[in-house]
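Notes for the structure review
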Amino acid sequence: MNRLPIVAGNWKMHKSIAEARALVEGLKPRIAGLAGVEVVVCPPYTAIAAVREAAAGSGIALGAQDVFWKEKGAYTSQVAPGMLVDAGCRYVIIGHSENRGRFGVPEPEMTEALCRWFGETDESVNAKTKAALAAGLVPIVCVGETLEDRRAGRTDAVIAAQVERGLAGLSAGQVAGLVVAYEPVWAIGTGETCDTPEADRVCGVIRGVLAAGFGDGAAGSARIQYGGSVKPGNARELFSQPHIDGGLVGGASLESDSFAQIVRAAVP
Ligand code: PGA
């Protein structure tokens, strides 16, 4: 099955409005006219409008980093799927490990209270995914095991459970249009990359779970990204694997040159 690779930059909590604009302006000439890859940038909410303007006509698509599952109401701080569409977003990252209830990389500020505060679960991922799809957004659903899971030999079971529960109740047609990002928690922002055969193997496990739940057609169409310390030096090898259809890129997406190199590495 021919799947169009997709490379998305997850800017996390980085970039002022001016910096966001400058990053997109730097990116445009570096990927101008490039075919055979879909390029997405996911700025913080505050820079979405500026990025929309800067990216207009460039083919760079806009994504958000999270979404709430209600259409509107008394949900202070939350952003609805329809609001993201209104702001020009086509994609939305859902279930990033930094928002999930368990953190594999302990940081001083990642206290238990903070984990509970974000408190993303497979159930909230499921609700957000359904709401995003209903609004016409393309969800980028993140899954990944912690180092503890991996050491205990639970990787495949953890990933399968996250995929099954996160996507429960979706139609085959909806799954066919999805993006799933395999992001081993221990490889995010650590400089450690999952080695290529293992990253491809787990992406294959994800495709198998999609096939079992939604059929071969849906599983063959859904795109599966790898994420976790993707860099210009490792992107081509990762993206050339049969089950890896591009990447979700954090740190290396914050600079136009490195992100453009990664985008180019997805073109066969
Ligand atoms: P990283 O982040 O590329 O900085 O490891 C990836 C992600 O969290 O999506």
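To be clear, the structure that these remarks concern was listed above.
Ranked by size, the top nonpolar core spans 69 residues in total, and within it Val7, Ile206, Leu210, Tyr226 and Phe239 carry the most contacts. With eight residues, helix α9 (residues 196-214) is the largest single contributor of residues to this core. Ile6, Ala61, Ile140 and Cys142 belong to the second-largest nonpolar core, a separate cluster that totals 13 residues.

Looking now at the layout of surface pockets. In this model, the second largest pocket occupies a volume close to 230 Å³. In this structure, the second largest pocket is lined by 16 residues; those nearest its centre are Phe239, Ser240, Gln241, Ile244 and Pro268. When its residues are assigned to classes, the lining of the second largest pocket shows nine nonpolar, four polar and three charged.

We now examine the pairing of strand β7 (residues 223-227). Along β7, five of the five residues are buried, which leaves the element largely enclosed by surrounding structure. With burial as the criterion, each face of β7 is covered, one bearing Arg223, Gln225 and Gly227 and the other bearing Ile224 and Tyr226. Sheet topology note: the strand β6 (residues 179-182)/β7 ladder contains four bridges and is parallel. The residue of β7 that forms the bridge with Ala181 is Gln225. Of the pairings in the sheet, the one linking β7 to strand β8 (residues 247-249) comprises two bridges and is parallel in character. The residue bridging Tyr226 from the neighbouring strand is Gly247, located in β8.

So, about helix α5 (residues 122-134). Here α5 is 13 residues long and its end C-alpha atoms lie 18 Å apart, about the 18 Å a rise of 1.5 Å per residue gives. Along α5, the positions that sit buried rather than exposed are Asp122, Ser124, Val125, Asn126, Lys128, Thr129, Ala131, Ala132 and Leu133. Buried positions along α5 lie against α3 (81-86), β4 (91-94), β5 (138-143), α7 (155-166) and α8 (172-176). Where α5 terminates, the next one or two residues include Gly136, which has phi positive at roughly 95°.

Among the structural elements, Arg100 can be located in the loop between β4 and α4 (112-118). Only 2.9 Å separates the side chain of Arg100 from the backbone oxygen of Gly95, close enough to count as a polar contact. Of note is the side chain of Arg100, whose polar atom sits 2.7 Å from the backbone oxygen of Cys142. Beyond its immediate sequence surroundings of up to four residues, Arg100 is in contact with Gly95, Glu120, Thr121, Asp122, Val125, Cys142, Val143 and Gln162.

Take the site of the ligand next. As a structural note, the neighbourhood of the ligand is formed by 13 residues, with Lys12, His96, Glu183, Gly189 and Ser229 the closest of them. Take Ser229: an N or O atom from its main chain is 2.8 Å from an oxygen atom of the ligand. Looking at the shell around the ligand residue by residue, the classes come out as four nonpolar, seven polar and two charged.

What counts and what doesn't
Residues numbered from 1 in each chain as written. Predicted model: local features only at pLDDT ≥ 70, side-chain atom pairs only at ≥ 80, totals over all residues. Heavy atoms only, no water. Core = buried A, V, L, I, M, F, W, Y, C linked by side-chain atoms within 4.5 Å. Buried < 20%, exposed > 50% of the residue type's maximum accessible area, 1.4 Å probe, protein only. Helix = DSSP H or I, 4+ residues; strand = E, 2+ residues; numbered from the N terminus. 1 Å grid on protein atoms, 1.4 Å probe; cavity = no way out; pocket = protein on both sides within 12 Å on 5 of 7 lines; lining within 4 Å. Points joined across faces, edges and corners; volume = space filled by probe spheres on them. Nonpolar A, V, L, I, M, F, W, Y, C, P; charged D, E, K, R; others polar. Pairing = 2+ DSSP bridges. Expected span 1.5 Å × (residues − 1). Contact = heavy atoms within 4.5 Å. Polar contact = N/O pair within 3.5 Å; in protein donor to acceptor, adjacent residues only side chain to side chain. Near = heavy atom within 4 Å.

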